[in-house]
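Structural characterization, general
Given next are the chains, with one letter for each unit.
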Amino acid sequence: MKAVGIILSNIHDKDIPELTSIRSIASVPFGGRYRLIDFALSNMVNSGITTVGIVTKSNYQSLMDHVGSGKEWDLVRKNGGLFILPPFSDNQDNLYQTRLQALSGIMNFLQRCEQDYVVIADSNMVCNIDLNDVMDKHEEQKADITCIYKEMVLTGDEGYKISAVKTDVDGRVVDISTASPMKDVKVKSVINMWVFNRPLLINLIRETLSRTSDADFDLDMVGRNIDKCKIVGYAFEGYFAWITSLAKYFRHNMDLLKKDVRDELFNQKHKYIYTKIKDSAPTSYRSEAKVKNSFIADGCVIDGVVENSVIFRGVTIGRGSVVKNCILMQDSVVMDNVSLNCVIADKNVLIKHGRNLSGCESLPFFINKNSII
Amino acid sequence: MLTKKECVAMLLAGGQGSRLYALTNQVAKPAVEFGAKNRIIDFPLSNCTNSGIDTVGVLTQYQPLVLNEYIGNGQPWDLDRVYGGVHILPPYQGKKKSNWYKGTANAIYQNLAFIERYEPDYVLILSGDHIYKMDYDAMLRAHEQKNADCTIAVLTVPMEDASRFGIMSMDGNDRITEFAEKPKQPKSNQASMGIYIFSFDVLKQYLTDDENDPESSNDFGKDIIPKMLADGKKMYGYHFEGYWKDVGTIKSLWEANMDLLGEKPKFDIFDTKQKIYARKVGDPPQFVGDNADIQNSIIGSGAEIDGTVINSVISGGVKIEKGAIVRDSVIFSNVVIKENAIVEMSIIDEYAEIGRRAVVGARGGENDITVIARNEKIADKTVIPAGEMYDTISGGAK
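An account of the accompanying structure is given in this report.

About the thresholds
- Residues numbered from 1 in each chain as written.
- Chains lettered and ligands numbered in written order.
- Predicted model: local features only at pLDDT ≥ 70, side-chain atom pairs only at ≥ 80, totals over all residues.
- Heavy atoms only, no water.
- Core = buried A, V, L, I, M, F, W, Y, C linked by side-chain atoms within 4.5 Å.
- Buried < 20%, exposed > 50% of the residue type's maximum accessible area, 1.4 Å probe, protein only.
- Helix = DSSP H or I, 4+ residues; strand = E, 2+ residues; numbered from the N terminus.
- Contact = heavy atoms within 4.5 Å.
- Disulfide = S-S within 2.5 Å.
- Patch = residues over 30% accessible without salt bridge, like charges linked within 9 Å, V, L, I, M, F, W, Y side chains within 5 Å.
- Areas by Shrake-Rupley, 256 points an atom, 1.4 Å probe, with all protein chains shown as cover.
- Salt bridge = Lys/Arg side-chain N within 4 Å of Asp/Glu carboxyl O.
- Lys, Arg positive; Asp, Glu negative; His and termini not counted.
- Charge placed at Lys NZ, Arg CZ, Asp CG, Glu CD.
- Buried area = accessible area lost by both parts, 1.4 Å probe.
- Pairing = 2+ DSSP bridges.
- Arc of directions from axis to C-beta.
- Polar contact = N/O pair within 3.5 Å; in protein donor to acceptor, adjacent residues only side chain to side chain.

Right, let's get into the nonpolar core. Residue and element names in this part refer to chain B. Counting residues in each nonpolar core, the largest one holds 78 residues, and the members touching the most others are M134, I195, L253 and I347. If one sorts the elements of this core by residue count, helix α8 (residues 250–258) sits on top with 5 residues. Other than its neighbours up to four places away in sequence, M134 contacts N47, S51, M139, A153, M193, I195, Y238, F240 and Q274.

Below is the structure:
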């Protein structure tokens, strides 16, 4: 195969401390049965990439538990397959801080691969992208680097710096800049998915880090080589969700209640999103169940009212309870006569009889893993 | 790891299942769907894994395509093993002769070489058409303890049903004194579940003798068991308490599915300690729409429900559109039930499509279950009366 995939699993851990204090961003549960990394991983596998390295840093027990040997993604291979790449450092206190340092830490892996291209992706995004098309265009245009971008109108509350590119009529990247987002500005936002020619990537990483050890991937490595390398842009037109805050986590889970989003993400033939199989029983709707407009995974037992919610595997909702606009993660139990609105319950939460909890869409009420309320 | 195996399981999955009519026209009975997520064969395979048996031969013969693909390398049941694991054993051509499997005993006889490779002390014989959860290891320990030649799992059945089973009489020590295959006048209500453990050397001897007997029908229930009993071999019953159902008929298949429903289902598949595994790939969670009304039903992953579903078992990938009503029915995977269609007391096989305002089946006696075969398309406003086997591929006759 012509490309090797690299997924950065820890880069955005600080964005959603509620969810990442106990796990990496890559293993944040999403959409009823998935973890965020399932999207990047499945996108790569669906595009015929059979060697994928996951670069880890900290708190990656849940991630390793989730991906396991990689069999659910068909990545148990004699040639290639799944590689977990823990941090490499000669100094325990000096783990990588930047994207470039992370990549520099897997230099051996990058050198040992024989593929022509490297596809790099973050794990804080939800999309179903055809990377084959990206690589075909990369080859057609004889590009050195392809930058995948998404044209978006910024809302100003992104809460993080955005890298944006400018392209010429041929689609070549002529400028890349990073700024705090402003409201109502339309930009070609870099979504941190790249295709590099592998030998070039290795050289660029070395070169850039030899000058500044904390150099920036976008500005210093890509930006300073715009004239030297052929960098082309690839506009991704499909659904794209960036999970960068708890409010966005909430909003993008709720996006799954829209048919077009579900169809694009989950119902495209040969472009499924794979995840760890749990062999749960089917979901059981009891006699008092009243469920509307909800996305519900297997193994649940529902005997209450559920509306506009995303319910993960193995959740129990008791009789007389009303659950609206909620995200209830795996194995949570809502006992009888409970009322929940705009609540995000992390895994294995127990909400006892008669409790009444409510948040709002911009500030969902969050309950920590294993809490008893 | 590479030592001999204490026990090898042999799963008889070659029967046609002719009493399931249209449901088994294109697939073998063990590959028929059950309970929103599974196929029938998931039950014996998962029982093996949950009982610590890691070497299973699956004997296939009739319409094996879907079954073979489904079992694959056995990974979903944890049966992809370096040594052992699941093996599909179709009939084969030998140097001197080639035979279809003539009967259950002959099927095992033809695969003695497979069993011998693992040098087992015991062989467990299973069927591919029963729904139950069972710890075979407990049965194996009982067999060992009694130093038996053969142990047969026994279930107490209602007296009026006894003539449908192999019926045993046992002494106070559970030693079998009499065995009658489907007797007209049953002497007890102790029925064979079609689950046998044999000490391998004894089994080998009897299978070889049976093969050399031209009068034999090469069947465990009709030939091997009576012969061993007549020879005074040590044969014991092993009492099983729990849910067990032979799903060999349309009615019993429907009933077994209905047994999964209710506050306290007769058969509990929700217990997470004894999971029933299945091969499933890529299905998203299910979506329940604004117009949905779901009561007392179980639904598999990837289904999209916007209609009314009552007392039903709905498999993955099924679409039930707005205004459609599904009641007391079993819907297999990837079926589409269009707007305002009504489906009652029916089993709808995989990939079938029920048109708008079509009416399939009717509420009434349990003997009038309507069946729509795989891939059938029922046109808009068509009425399929209760009890019909709708199957244009093989003629539509019941």
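Now, onward.
Moving on: the state of the cysteines. Put plainly, a disulfide is one covalent bond tying together the sulfur atoms of two cysteines. All names here are of chain A. This model, assessed by the stated rule, comprises 0 disulfides over all chains. Unpaired in terms of disulfides, C300 finds its nearest cysteine sulfur in C326, a separation of 13 Å. Between C342, a cysteine without a disulfide, and C360, which holds the nearest cysteine sulfur, the sulfur-to-sulfur distance is 6.6 Å.

On the surface, a cluster of negative charge is contributed by D209(B), D213(B), E215(B) and D231(B). Tracing the backbone through its elements, the reader meets E215(B) in the loop between α6 (200–211) and α7 (220–230).

Another aspect to go through is unusual backbone geometry. The phi angle at N192(A) is positive, at roughly 60°, despite the residue not being glycine. Checked against the element boundaries, N192(A) lands in strand β11 (residues 186–197). Residue N192(A) is classed as buried on the basis of its relative accessible area of 8%. Phi at N296(B) takes a positive value of approximately 45°, unusual for a residue other than glycine. Mapping N296(B) onto the fold places it in the loop between β15 (293–295) and β16 (297–299).

Moving on, we come to the interface of chain A and chain B. Often the size quoted for an interface is simply the accessible area lost on bringing the parts together. Counting residues at the interface gives 35 residues for chain A, matched by 34 residues for chain B. Overall, the association of chain A and chain B removes approximately 2900 Å² of surface from exposure, summing both partners, and the carbon and sulfur fraction of that is 48%. On inspection of chain A and its partner chain B, the count reaches 3 salt bridges. K37(B) is the partner of D298(A) in a salt bridge, and the nearest nitrogen-oxygen pair spans 2.7 Å. Of all elements in the fold, only α10 (259–266), β14 (283–285), β15 (290–292) and β16 (294–296) of chain A reach the threshold of two or more residues within the side of chain A that touches chain B. The pairing of β14(A) with β16(B) spans 3 bridges and is antiparallel. If you follow Y285(A) over to β16(B), its bridge partner there is S297(B).

A word on helix α6 (residues 131–140) of chain A. Residues and elements named next belong to chain A. Of all the positions in α6, only L131, V134, M135 and H138 are classed as buried. End-on view of α6: buried residues confined to an arc of 95°, all on one side of the axis. Next to the buried residues of α6 lie β1 (3–8), α2 (37–46), β6 (117–122), β8 (145–153), β11 and β12 (231–235). Between the side-chain oxygen of the N-cap and the backbone nitrogen of N132 there are 3.1 Å, and the N-cap of α6 in question is D130.

Note that every value here comes from positions in space, so none of it alone points to a role or purpose.
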